[in-house]
Amino acid sequence: VQLQASGGGLVQAGGSLRLSCAVSGRTFSGYVMAWFRQVPGKEREFVVGFNKSGGIRLNGDSVKGRFTISRDKAKNTVDLQINSLQPEDTAVYYCAASRTIITSQLGQPSAYEYWGQGTQVTVSS
């Protein structure tokens, strides 16, 4: 499985971006798919993901209502819509996939076998 993240950029606070993770090699069916983000000097942080049954898990109130994950089976992509961007959202955003992960591991970067290369999101104040 290969993952290719795209859609990052420079945006003003309050703006929106749509990140996309293109999955190749296999369909994402049967995989847990998630988005993480990382800022320099900090650990990679879970943002949002689909569990194997298609349920969505968000990481905390800071992203609730602003981050929306979706998947397109026809395109084999998993997208992340981010609205009302804030400077603290500035990070490199990564998509990740796992076939073996269990639900309780959803937020653990070490549990994922596959990673995209990351896309930079920069939010100016």
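The present account deals with the structure reproduced in this document. (Residues numbered from 1 in each chain as written. Predicted model: local features only at pLDDT ≥ 70, side-chain atom pairs only at ≥ 80, totals over all residues. Heavy atoms only, no water.)

1. Quick notes on the sheet that holds strand β7 (residues 67–72)
- If you trace the four strands from one edge of the open sheet to the other, you get β1-β3-β8-β7, paired in antiparallel fashion. The sheet is open, and its two borders are formed by β1 (2–6) and β7, each paired with just one other strand. The mean angle between the axes of side-by-side strands here comes to 15 degrees, regardless of whether they run parallel or antiparallel.
- When β1 meets strand β3 (residues 17–24), the two strands line up antiparallel, connected through five bridges. Directly across from Q4, in β3, lies its bridge partner A22. (Pairing = 2+ DSSP bridges. Helix = DSSP H or I, 4+ residues; strand = E, 2+ residues; numbered from the N terminus. Axes fitted to C-alpha atoms, helices over the stretch in contact; angles between N-to-C directions.)

2. Side note on unusual backbone geometry
- Positioned with a positive phi, N76 is a non-glycine residue whose angle comes to about 60 degrees.
- Relative to the helices and strands, N76 resides in the loop between β7 and β8 (77–82).
- In this structure N76 comes out as buried when scored by relative accessible area, which is 12%.
- In this model, S84 sits at a positive phi of 50 degrees, which is unusual for a non-glycine residue.
- In this fold, S84 is placed in the loop between β8 and β9 (91–98). (Buried < 20%, exposed > 50% of the residue type's maximum accessible area, 1.4 Å probe, protein only.)

3. A short note on the pairing of strand β4 (residues 32–38)
- Burial analysis of β4 places six of its seven residues in the buried class, which makes it a mostly covered element.
- Linkage of β4 to strand β5 (residues 45–50), two consecutive antiparallel strands, is achieved through a turn of six residues, within which G41 is found at a positive phi near 85 degrees.

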